[in-house]
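Report on the structure
Now for the letters of each chain:
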Amino acid sequence: MSLSYSVPTALEYFAALVQSDEHFPLLEAAASLAQDEYIDLDVQQLLGDVDQLLARLQRRMPADAPALQRLRTLNQFFFTDLGFAGNVNNYYDPENSYLNAVLRTRRGIPISLAVLWMELAQGLGLQARGIAFPGHFMVKVLLPKGQVVMDPVSGQSLSREDLSERLEPYKRQSGLVDDYDVPLGLYLQAATPRDIIARMLRNLKEVHRTQEDWQRLISVQDRLIVLLPQAWSEWRDRGLAHAERGNVAQAVADLQTYLAHVEDGLDVAAIAERISTLRSAGS
């Protein structure tokens, strides 16, 4: 009797990783995002490469090192010895979101650098979390004497004044001033792994939309819908990308799904008109 096994697609593999919030494998899920671009990417090899970095780091660390010493040694290793930094010369390159590329070039954007840094931090027993700070992803570490908030591009510790200053443009733009102001602490809440992957995907989404790379945008939208099946705006955006590609049936199906769940959206009339136009063009 012959046995046949079907290899899961990249999207099926991703779906299996993100199906539950319990034991969500952040590093593996983040690494898998590159499989749309690097079809033969061995995610397990990448995880092994990160484990090797952690082993090198652990060999430098006394077993009884206090948390602050572990943090300082990690930052020396990550930012100085390995040379990880922001890709300031090509910030909007999609490669900055692919962990295999970030590991190879040592260049990335705040959130991809943060995912790698947090994996090493947690391997050292540090209580590290990501922060979905507006405009620039941050990390924080809980230490015995308090909390340290850091920029994952440089390892710089940020004071409350630094953070407030970085928030000002966002607050003004969003109208969150005077009576509508909110405490800084609300911006420093820990992001869940699902939130982090969603933010990574939305970074890629914006890059592909700006470049009008509709096929790559559709692949990103496929993942967002698997990750956040009730984020109805993602169904709309996938439908609009399908429309740009001339995939009329898929576009209409996604846009109808959006209309079926978002009754009071500001764009409901425009989307209904788009569906009508697509149907007329496809008939």
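Residues numbered from 1 in each chain as written. Predicted model: local features only at pLDDT ≥ 70, side-chain atom pairs only at ≥ 80, totals over all residues. Heavy atoms only, no water.

Observations concerning the overall build of the chain
Looking only at helices and strands, one finds twelve helices and five strands in the chain. Principal-axis analysis of the C-alpha atoms gives the chain an extent of 70 × 70 × 35 Å. Intrachain contacts of the chain at a sequence separation of at least 6 include 54% that bridge at least 24 residues. Carbon and sulfur atoms provide 49% of the accessible area of the chain, an area that totals close to 15200 Å². (Helix = DSSP H or I, 4+ residues; strand = E, 2+ residues; numbered from the N terminus. Contact = heavy atoms within 4.5 Å. Areas by Shrake-Rupley, 256 points an atom, 1.4 Å probe, with all protein chains shown as cover.)

As for the packing of aromatic side chains
Counted according to the given criterion, the structure contains five aromatic pairs. Between Phe78 and Phe84 the ring centres are 4.3 Å apart and the planes differ by 10 degrees, which places this aromatic pair in the stacked class. Summarising the burial analysis for this pair, Phe78 and Phe84 share the class buried. An aromatic cluster is defined as three or more aromatic residues linked by ring pairs; in this entry it consists of Phe78, Phe79 and Phe84. (Phe/Tyr/Trp six-rings, centres within 6.5 Å; stacked < 30°, edge-to-face > 60°. Buried < 20%, exposed > 50% of the residue type's maximum accessible area, 1.4 Å probe, protein only.)

Considering the domain arrangement of the chain
Along its sequence, the chain is carved into domain 1 (10-127) and domain 2 (230-282). Between domain 1 and domain 2, the C-alpha centre-to-centre distance is 36 Å. (Domains from an automatic or database assignment.)

Examining the sheet that holds strand E4 (residues 138-143)
Strand order in the open sheet made by the three strands is E3-E4-E5, with antiparallel pairing throughout. Every other strand in the sheet has two partners, leaving strand E3 (127-131) and strand E5 (146-150) as the edge strands with one partner each. Put simply, the sheet's adjacent strands are angled 25 degrees from each other on average, direction ignored. Summarising the sheet, E4 and E5 pair through five bridges and their orientation is antiparallel. Opposite Leu143, over in E5, you have Gly146 as the bridge partner. (Pairing = 2+ DSSP bridges. Axes fitted to C-alpha atoms, helices over the stretch in contact; angles between N-to-C directions.)

Concerning the pattern of salt bridges
Summed over the entire model, instances satisfying the criterion amount to 15 salt bridges. With a shortest N-O distance of 2.7 Å, Asp36 and Arg223 are connected by a salt bridge. Within this pair, whereas Asp36 is found in the loop between helix H2 (26-32) and helix H3 (43-59), its partner Arg223 is found in helix H9 (residues 214-227), the two being separated by 187 residues in sequence. When its relative accessible area of 36% is taken as the criterion, Asp36 is described as partly exposed. Between Asp222 and Arg238 there is a salt bridge; the shortest N-O distance is 2.9 Å. In this pair, Asp222 sits in helix H9 while Arg238 sits in helix H10 (residues 232-245), placing the two residues 16 residues apart along the sequence. Salt bridges here are not isolated pairs; linked through shared partners, they connect Arg202, Lys205, Glu234, Arg236, Asp237 and Asp267. (Salt bridge = Lys/Arg side-chain N within 4 Å of Asp/Glu carboxyl O.)

Section: unusual backbone geometry
We note that His23 has phi near 60 degrees; this positive angle belongs to a residue other than glycine. For His23, the location among the structural elements is in the loop between helix H1 (10-17) and H2. In this structure His23 comes out as exposed when scored by relative accessible area, which is 72%. Look at Arg106: it is not a glycine, yet its phi comes out positive at around 65 degrees. Positionally, Arg106 belongs in the loop between helix H5 (99-105) and strand E2 (107-108).

Some remarks on the nonpolar core
Generally speaking, soluble globular proteins have nonpolar side chains that are buried together. In terms of nonpolar packing, the biggest core is built from 64 residues, with Leu74, Leu99, Leu116, Trp117 and Ile197 touching the most fellow members. Examining the composition of this core, we find that nine residues originate from one element, helix H6 (residues 110-123), more than from any other. (Core = buried A, V, L, I, M, F, W, Y, C linked by side-chain atoms within 4.5 Å.)

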